[in-house]
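Listed below, chain by chain, are the residues.
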Amino acid sequence: MQTILITVVFMLNIAQADSSDFEIATKKKEDRVVVTKADGKNIVIVRSCSGIGAADVTRLKERWPDTVVIRLHLGGLECFAVTSGKVRLTTSVASHHRRAKRLQVDQDGTESDVEKGNPFWTEVKVLGADGKPSPDYPLRGGHFEIALPAVLLRDQPKTITLAWIDFYRG
């Protein structure tokens, strides 16, 4: 995996996280993953030319921030997974059937669906380039947004792994 250290930049109301906060290693050198701060949130922005990739995000501070949001700039979301220790949270947004969303958690080899009220529940937002909910599919210029549930980072893992697939290629 390639290691990318984050530098500090300022753009409107978005400031990139301090370079001492995270280290990011992408599986593919052409993938871009950066962490920014906006409105009190740490936002992990993923851009993937091929639509399939993975990255390790390692915290360099003592604790994970209270709020971590993932923004996937992909046309579709066949599968997104975040692994934290022995827990893996996966989600998908169907490209048919009214864009049905599915959320599952695997804890120590036991997989189950996640419904509202479950500590692992999180909303999967489909947003257009204007940041508003988008009816387009595949997305053009927009992104998928997923706030990581606090329980996922509760044990303060040193590294979390992100993996994504935009569309099934079978």
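These figures come from a predicted structure and were not determined experimentally. Residue numbers run consecutively from 1 along every chain, following the written order of its sequence. Where local features are concerned, this predicted model is filtered to residues with pLDDT of at least 70; where side-chain atom pairs are given and counted, the filter is 80 or more; whole-chain, interface and lining totals use all residues. Only hydrogens and water are set aside when side-chain values are computed; all heavy atoms of the structure are taken into account.

## Notes on the confidence of the model for the chain
For clarity, the threshold we go by: Every residue gets a pLDDT, meaning the predictor's confidence in that residue, from 0 to 100. The helix count covers DSSP runs of H or I at least four residues long, the strand count covers runs of E at least two residues long, and both are numbered beginning at the N terminus.
Of all residues in the chain, 87% have pLDDT values of 70 or greater, and the mean over the chain is 87. Averaged pLDDT values for the elements of the chain fall to 30 in strand S2 (residues 10-11) and rise to 98 in strand S15 (residues 159-165).

## Looking at the nonpolar core
Within soluble globular proteins, side chains that are nonpolar generally end up buried alongside one another. The condition that has to hold: In these notes, a set of buried Ala, Val, Leu, Ile, Met, Phe, Trp, Tyr and Cys residues joined through side-chain atoms within 4.5 Å is what counts as a nonpolar core. Note on exposure labels: buried denotes an accessible area under 20% of the residue type's maximum, exposed denotes more than 50%, and partly exposed covers the range between, all computed with a 1.4 Å probe on protein chains only. Between two residues, a contact is recorded if the distance between any of their heavy atoms is within 4.5 Å.
Membership of the largest hydrophobic core comes to 35 residues, with the highest contact counts inside it found for Ile-70, Leu-72, Leu-77, Phe-80, Leu-162 and Trp-164. When sequence neighbours within four positions are dropped, the list of residues in contact with Ile-70 reads Val-44, Val-46, Phe-80, Phe-144, Glu-145, Ile-146, Leu-148 and Leu-162.

## Details of the packing of aromatic side chains
Rules: When the centres of two rings from Phe, Tyr and Trp lie within 6.5 Å, Trp using its six-membered ring, the rings pair. Their planes under 30 degrees apart give stacked, over 60 give edge-to-face, and anything left gives tilted.
Scanning all chains against the criterion turns up 1 aromatic pair. Consider the rings of Phe-22 and Trp-64, whose centres lie 5.9 Å apart with planes at 40°: the pair is tilted. Highlighted residues: Phe-22 in strand S4 (residues 22-26) and Trp-64 in the loop between strand S7 (52-59) and strand S8 (68-73), separated in sequence by 42 residues. You can call Phe-22 buried: its relative accessible area is 4%.

## Let's talk about the side chain of Gln-156
So the rule is basically this: Whenever two N or O atoms come within 3.5 Å, that pair is a polar contact, provided that in protein one can donate a hydrogen and the other can accept it, and provided that, for residues adjacent in sequence, both atoms are side-chain atoms.
Position of Gln-156 among the secondary structure elements: in the loop between helix H1 (150-153) and S15. Gln-156 gets classed as buried once you look at its relative accessible area, which sits at 16%. Polar contacts involving the side chain of Gln-156 include one to the main-chain amide nitrogen of Trp-64, which spans 2.6 Å.

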